[in-house]
Amino acid sequence: CEAGQVPPFDVLLTNPPFSADEQFSFALDFAIKSGKPWLMILPVHVIFRNLFVNPTQDLPWRPFVVAPQKKYNFKTPAPLPPPPTENRAKARSRSRLTHTLWVVHGGENQALHQRLLEVAQKKVSDLCHVATNVLELPKVALPGEWTEEMRQNAEREGLELP
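Residues numbered from 1 in each chain as written. Predicted model: local features only at pLDDT ≥ 70, side-chain atom pairs only at ≥ 80, totals over all residues. Heavy atoms only, no water.

S.K.: Outline the sheet that holds strand β1 (residues 12–14), supporting the account with residue identities and numerical values.
M.R.: One open sheet accounts for five strands, arranged β1-β2-β6-β3-β7; its pairing is mixed. The open sheet is flanked by β1 and β7 (128–131), the only strands paired with a single partner. Each strand axis lies, on average, 20 degrees off the axis of its neighbour in the sheet, ignoring direction. Both strand β2 (residues 38–43) and strand β6 (residues 100–105) contribute to a ladder of six bridges, which runs antiparallel. Paired with Pro-43 across the bridge in β6 is Thr-100. Across the sheet, helix α1 (residues 21–34) touches β1 and β2, and the angle it forms with β2 is around 160 degrees. Packed on one face of the sheet, helix α3 (residues 110–123) meets β3 (64–68), β6 and β7 and runs near 25 degrees to β3. (Pairing = 2+ DSSP bridges. Helix = DSSP H or I, 4+ residues; strand = E, 2+ residues; numbered from the N terminus. Axes fitted to C-alpha atoms, helices over the stretch in contact; angles between N-to-C directions. Contact = heavy atoms within 4.5 Å.)

Set out below in structure tokens:
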């Protein structure tokens, strides 16, 4: 699409860059302002960061999350060159296990949001953890390491951390 022009769409399904806060913030802001239903796959730690918590806390209904029971294995596409063999410690890998989850919101349509949640609870709950808040996430779906920012947001939600 041309700069500044967005083609018509009904649902936003996206995988914003995991390493670029600015691009993630842009994608989340766009999703919220669109008023359309949206789904984003995100590293689990992001839902505890201010860049996610602040924009979503004022929504009329909170996004829910669908967390797979196992970490996704993201693989580098084959057309890219193989990772360098020298300086291996800094070389990227062709495959990376990343603890991610799907964040889902029905946009401005509360009935649709509720229906998406009901479908997730009925259809994928045997494969994934469906949670309407962080307190419903199992311990295996929580980040392994916590920054002070993440810790404060988790505790604000009532999550007790070690």
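Text resumes after the structure shown.
S.K.: So, the pattern of salt bridges: which residues are in play, and what are the values?
M.R.: Applying the stated criterion across every chain, the model contains five salt bridges. Between Arg-49 and Glu-149 there is a salt bridge, and its shortest N-O distance comes to 3.7 Å. A residue pair is termed long-range when its members are at least 10 positions apart, and Arg-49 in the loop between β2 and α2 (50–56) and Glu-149 in helix α4 (residues 148–156) qualify at 100 residues. What makes Arg-49 buried here is its relative accessible area of 17%. (Salt bridge = Lys/Arg side-chain N within 4 Å of Asp/Glu carboxyl O. Buried < 20%, exposed > 50% of the residue type's maximum accessible area, 1.4 Å probe, protein only.)

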